[in-house]
Amino acid sequence: MASALALSGCATDSAPEESTGGDSSAIITANGSEPQNPLIPTNTNEVGGGKILDEIFAGLVYYDATGAPVNDVAESIETDDATTFTIKIKPDLTFTNGDPVDSQSFIKAWNYGALLSNAQLSSYFFEDIEGFSYDEDSELTGLVEVDATTFTVTLKEARSDFPLRLGYSAFYPLPAAAWDDLEAFGENPIGNGPYMLDGEGAWKHEESIDLVVNPDYDGGRVAQNGGLTIKFYLDQAAAYADLLDGNLDVLDAIPDSAYSTFESDLGDRAINQAAAVFQSFTIPERLEHFSGEEGQLRRQALSMAINREEITDVIFEGTRTPATDFTSPVISGYSDELEGAEVLEYNEDKAKELWAEADAISPWTGTFSIAYNADGGHQGWVDAVSNSIKNTLGIDAAGAPYPTFKEARTLITDRTIQTAFRTGWQADYPGLYNFLGPLYATNAGSNDGDYSSEEFDTLLNDGASETDVEAANADFQAAQEILLQDLPAIPLWYSNVTGGFGEGVSNVEFGWNSVPLFYAITK
Amino acid sequence: MTGYILRRVLQAIPVFFGTTFLIYFMVFAMPGDPILALFGDKSPNPAVLAQLRAQYHLDQPFIVQYFLYIGGIFQGDLGTAFNGEPVADILARTFPVTTRLAILALIFQSVAGILVGLVSGLRKGKLFDSSSLVISLILISLPIFVIAFVAQYVFGVQLGWARATVGPGAPIQDLILPALVLASVSFAQIVRLTRSSVIETSGLDFVRTAYSKGLSKRRIIPVHILRNSLIPVVTYLATDFGVLLVGATITEGIFNVPGVGNTLYRAIIGGQSPTVVSFVTVMVLLYLVVNLVVDLLYGLLDPRIRYVK
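Quick caveat, the model's predicted, so the values are computed rather than measured.

Moving on, we come to the interface of chain B and chain A. Counting residues at the interface gives 45 residues for chain B, matched by 45 residues for chain A. Carbon and sulfur atoms make up 54% of the surface buried where chain B meets chain A, a total of about 4000 Å² over both sides. A per-residue breakdown of the area chain B buries against chain A is headed by Asp41, Lys42 and Asn83 of chain B, which together make up 17% of the total. At the boundary of chain B and chain A, one finds two salt bridges.

Turning our attention to the packing of helix H11 (residues 260-270) of chain B against helix H12 (residues 273-301) of chain B. Residues and elements named next belong to chain B. Put simply, H11 and H12 touch, their axes get as near as 9 Å, and they point 140° apart. What the angle tells us is that H11 and H12 run oblique. Between H11 and H12 lies a crossing of left-handed hand. Along the contact surface, H11 presents Val260, Thr263, Leu264, Ala267 and Ile268, while H12 presents Thr275, Val276, Phe279, Val280 and Met283. Residue composition of the contact of H11 with H12, grouped by class: eight nonpolar, two polar and no charged.

Residue and element names in this part refer to chain B. UniProt tags residues 12-30, 101-122, 134-155, 233-255 and 275-301 as "transmembrane region" (unreviewed entry). Between the first and last C-alpha atoms of residues 233-255 the distance is 28 Å; the span itself is 100% helix and 0% strand. In residues 275-301, helix accounts for 100% and strand for 0%; the two terminal C-alpha atoms are 39 Å from one another.

In this structure's numbering, the residues bearing the UniProt feature "domain: Solute-binding protein family" (unreviewed entry) are residues 69-445 of chain A. Here residues 69-445 of chain A runs as 28% helix and 21% strand, with 25 Å between its end C-alpha atoms.

The next subject is a nonpolar patch on the surface. Residues and elements named next belong to chain B. Where nonpolar side chains cluster on the molecular surface, the patch consists of Phe21, Leu22, Phe25, Met26, Ile63, Val64, Phe67 and Leu68 and spans about 720 Å² of accessible area. Of all elements in the fold, only helix H1 (2-29) and helix H4 (62-74) reach the threshold of two or more residues within the nonpolar patch. Mapped onto the secondary structure, phenylalanine 25 falls in helix H1. Phenylalanine 25 sits in the partly exposed class, given a relative accessible area of 43%.

All names here are of chain A. Mean pLDDT over chain A stands at 90; residues scoring 70 or higher make up 96%. The weakest mean pLDDT in chain A belongs to helix H1 (residues 2-7) at 39; the strongest belongs to strand S7 (residues 150-154) at 96. Confidence drops under a pLDDT of 50 for residues 1-19, and excluding neighbours within four residues, the segment shows 27 contacts in the predicted structure.

The next point concerns the pairing of strand S16 (residues 396-402) of chain A. Residue and element names in this part refer to chain A. In this sheet, S16 lies alongside strand S15 (residues 367-373) in parallel orientation, the contact comprising seven bridges. By the bridge assignment for S16, isoleucine 370 is matched with glycine 399. Handedness of the S15-helix H11 (residues 379-393)-S16 crossover: right-handed.

Here we come to the domain arrangement of chain B. Residues and elements named next belong to chain B. Segmentation of chain B into domains returns domain 1 (22-77) and domain 2 (90-301). With centres defined by C-alpha atoms, the gap from domain 1 to domain 2 works out at 37 Å. Every contact between the two is made by seven residues of domain 1 and, on the other side, nine residues of domain 2. Summed over both sides, the interface between domain 1 and domain 2 buries roughly 720 Å², with carbon and sulfur atoms accounting for 76% of that surface. Between the two partners, domain 1 and domain 2, sit zero salt bridges. Here domain 1 and domain 2 share one residue pair in polar contact (both at pLDDT 80 or more) between them. For the side of domain 1 that touches domain 2, the elements supplying multiple residues, two or more each, are H1 and H4. Broken down by element, the side of domain 1 that touches domain 2 gets its largest block of residues, three residues, from H1.

All names here are of chain A. In this model helix H10 (residues 348-361) runs 21 Å from its N-terminal to its C-terminal C-alpha over 14 residues, within 8% of the 20 Å that 1.5 Å per residue would give. Burial in H10 covers these residues: Ala351, Leu354, Trp355 and Ala358. The arc enclosing the buried residues of H10, seen along the axis, measures out at 100°, which places them on a common side. The exposed residues of H10 that point more than 90 degrees off its buried face are Asp349 and Ala360.

Moving on, we come to the sheet that holds S7 of chain A. Residue and element names in this part refer to chain A. Sheet architecture is open: four strands sit in the order S4-S5-S7-S6, paired in antiparallel fashion. Unpaired on one side and paired on the other, strand S4 (74-79) and strand S6 (143-147) mark the two borders of the sheet. Taking each pair of neighbouring strands and ignoring which way they run, the sheet shows an average axis angle of 20°. Relative to S7, S6 runs antiparallel, the two being bridged by four bridges.

We now examine the layout of surface pockets. Rolling a probe over the atoms, with the probe sized like a water molecule, indicates the empty space that remains. Looking at the second largest pocket, its volume works out to about 940 Å³. Within the residue set of the lining of the second largest pocket, elements represented by two or more residues are helix H12 (405-414), helix H13 (432-440) and helix H14 (454-465) of chain A together with helix H3 (46-55) of chain B. Of the residues contributing to the lining of the second largest pocket, the split by class is 17 nonpolar, 13 polar and 13 charged.

By size, the foremost hydrophobic cluster in this structure holds 152 residues, and its most contacted members are Trp110 and Phe368 of chain A. Top element by residues in this core is strand S18 (residues 489-501) of chain A. It accounts for seven residues. Mapping this core onto the domain boundaries places at least three of its residues in each of domain 1 (2-236 + 502-520) and domain 2 (276-495) of chain A. Those residues in contact with tryptophan 110 of chain A that sit more than four places away from it in its chain are Leu60, Phe126, Ile129, Leu140, Leu143, Phe151, Val153, Phe162, Leu166, Ala170, Phe171 and Tyr172 of chain A. Judged by nonpolar contacts, the second largest core, of 69 residues, contains Ala105, Ile147, Ala148 and Val234 of chain B.

A few words on the pairing of strand S1 (residues 27-32) of chain A. Residues and elements named next belong to chain A. Taken across its six residues, S1 has five buried, putting it largely inside the fold. Looking at chain direction, S1 and strand S11 (residues 227-232) are connected through six bridges and run parallel. The residue of S11 that forms the bridge with asparagine 31 is lysine 231.

What describes a pair of aromatic rings is the distance from one ring centre to the other and the angle between the planes of the rings. The tally for this structure, following the rule as stated, stands at 38 aromatic pairs over all chains. Seen in terms of ring centroids, tyrosine 440 of chain A and phenylalanine 456 of chain A are 6.5 Å apart; in terms of plane orientation they differ by 80°. Their pairing is edge-to-face. Of the two residues, tyrosine 440 of chain A is situated in helix H13 and phenylalanine 456 of chain A in helix H14; the sequence distance between them amounts to 16 residues. Across this residue pair, the class does not change: tyrosine 440 of chain A and phenylalanine 456 of chain A are buried. When the centroid spacing of 5.4 Å and the interplanar angle of 70° are considered together, the rings of tyrosine 66 of chain B and phenylalanine 67 of chain B count as edge-to-face. Residue class for phenylalanine 67 of chain B comes out exposed when judged on its relative accessible area of 51%.

Basis of the calculations
- Residues numbered from 1 in each chain as written.
- Chains lettered and ligands numbered in written order.
- Predicted model: local features only at pLDDT ≥ 70, side-chain atom pairs only at ≥ 80, totals over all residues.
- Heavy atoms only, no water.
- Contact = heavy atoms within 4.5 Å.
- Buried area = accessible area lost by both parts, 1.4 Å probe.
- Salt bridge = Lys/Arg side-chain N within 4 Å of Asp/Glu carboxyl O.
- Axes fitted to C-alpha atoms, helices over the stretch in contact; angles between N-to-C directions.
- Helix = DSSP H or I, 4+ residues; strand = E, 2+ residues; numbered from the N terminus.
- Parallel < 35°, antiparallel > 145°, perpendicular 65-115°, else oblique.
- Left-handed = near helix turned anticlockwise from the far one by under 90°.
- Nonpolar A, V, L, I, M, F, W, Y, C, P; charged D, E, K, R; others polar.
- UniProt positions renumbered as here; feature names shortened; annotations may be inferred.
- Patch = residues over 30% accessible without salt bridge, like charges linked within 9 Å, V, L, I, M, F, W, Y side chains within 5 Å.
- Areas by Shrake-Rupley, 256 points an atom, 1.4 Å probe, with all protein chains shown as cover.
- Buried < 20%, exposed > 50% of the residue type's maximum accessible area, 1.4 Å probe, protein only.
- pLDDT = per-residue confidence, 0-100.
- Pairing = 2+ DSSP bridges.
- Right-handed = clockwise from strand over helix to strand, strands pointing away.
- Domains from an automatic or database assignment.
- Polar contact = N/O pair within 3.5 Å; in protein donor to acceptor, adjacent residues only side chain to side chain.
- Expected span 1.5 Å × (residues − 1).
- Arc of directions from axis to C-beta.
- 1 Å grid on protein atoms, 1.4 Å probe; cavity = no way out; pocket = protein on both sides within 12 Å on 5 of 7 lines; lining within 4 Å.
- Points joined across faces, edges and corners; volume = space filled by probe spheres on them.
- Core = buried A, V, L, I, M, F, W, Y, C linked by side-chain atoms within 4.5 Å.
- Phe/Tyr/Trp six-rings, centres within 6.5 Å; stacked < 30°, edge-to-face > 60°.

Here you go:
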């Protein structure tokens, strides 16, 4: 019942702030990247497109600066058992073309996104809803329309954090007009969010997209400016030059080359704070020496042989935060006091001791390698981590570069990779479960190391069926304590969001997902 | 002359097939699954993956994919990029931008390069000559991205004479700085080529004859010296066109020019074979055309070449 309480009736809290003297017609320019796909919510899983969708669509909930869900289109989301959710939509809402925002605009959009033959990149978001199938085309029978503005969602099993997920773009509604020609729609999408496209052809491919305020939007994200121009950059260095030159108002990614200077360049207009991005390297259990008790000892030894503080300082100029768990400090329920978290601290003696214990079980042979894609700027830290391991444990350790991301991912997905490999996770929604379930639950979709622990699975399921947020988070924390012993992946650090803004703009705040809250920015 | 041009155009046909086949083969041979990369660090469901692969014919063997692509071309379809945009549209959008950039650079480097080279050659050993030699040596030895970053920072960010990156629609005035950067390396080469060629020509008998006939410098320098010194420079300009297109990729990245380089880079990394093949093919055809034009230019510069079959 607690999740229902937490989510209902919040919408009125976020009335527009008092006037700050900003120009309500000023256009804010921000950096972005060319969307990889047509702008269809269920087919967009990358930042470039997601950033635009979040501005032109309003989902059932949105996330405020702290990552807490606030009702947007939803009037209430209620459940008694974390399995069946009753969702009420605010009455009289419309898309910018006049189509009503009703139960069908959600049910149809979700069914489209989930259908196997539609091959949507975000289809896995619907896998918990009754009727979802990965093997054949199948309707989401768990979605039932009660009336025009009420529908129920029934899940296959309890998922207490389901309402928390509903702010993600995959769950956005689509207008009736979308179904005439979805491909054309993806080029000129019609939404219901705080902004809308500035006419046909506002998306100028590889150049920019122009958004203007949607006057009919009736939610908590009312725009304090006249619109947004999102400029697409291939290279962050160009975006940074534009920020310094005054051609860009807000930048949400500082290029590596400016890490050491951006805080002095920008002064109090610089931003550097932890984000919901968890970085690690994964050691599959099928590797020799890394299963059973020997594996556990070696994993702990490796983890303690890495000087995270020094590497984040030297290689990343303080733009990473050393990890203390498997999630992120910006997620509600995060704790840096988990039992066993000392395994993430640099401890030369203990690392040597554990490695020697493992050697007593079966002597170490070979080289410890971490695979990474060379097109992603990972070489620096992989070399530093390898050196840290080499110097502490006295074994051979080295990076194993693969030229491209797609090549590395193919080897990882095929399970043909025979070394440890770099892994990272950017959360889809601000919940602990999202960092744990998809990555470490037995047979989970992104469990690239094929980790399996009965105890962990049980705690995860316990947490998922709790309707009390505190109780659920306690279970997820206990589940993480098991991970800290088994270390299926070695946590390294959380990426920080690094950014900055120009002299003319104010009220720049970054959301939990490292994207600025554009609606609040004034100029 | 017409027969000569016709033969050259017909030569383009095997080049077209050869290039597309080779490029297609190379993109295909690059390891890794481009569809898999669309999912980022997250592992997709195999059924969804198979659907998407089928959609882009990636489940077919290489030779089938190639013939599907070629077959599409003859029906006026260059394929579709992963963002749903037809490759033909992308070509139509990006090539004019890069062409503008390249032509601008070509003008800067040839006009300035030939002028400076000519003056240097005529004043061999003087201050102008030695300083232009030093400057061109510096430009040649600097990698283009260094010149680009310095130019962007100094003229764009610090002095504010130009925009740090190219603005919407890539207008000519925004392209001037990137074009100057792009032109800089070739400019230095052209200065040196023209200079040595001018020095050589100036010492030849017909130039001395012209002087002794009492012709004015105004007539001798452009008609007798310059015209006869230009053949190596024009040859260089033709081969340089390819270098220009490659340099444009780096320059476009740094100045965020929405041109061919940007798109091609992303398409190569993403393994989008129709986009890569179409782009490279157009670049190859452009290269052939430029070389044809240069061959015809020889005739204008040297009548002896004009009459050779």
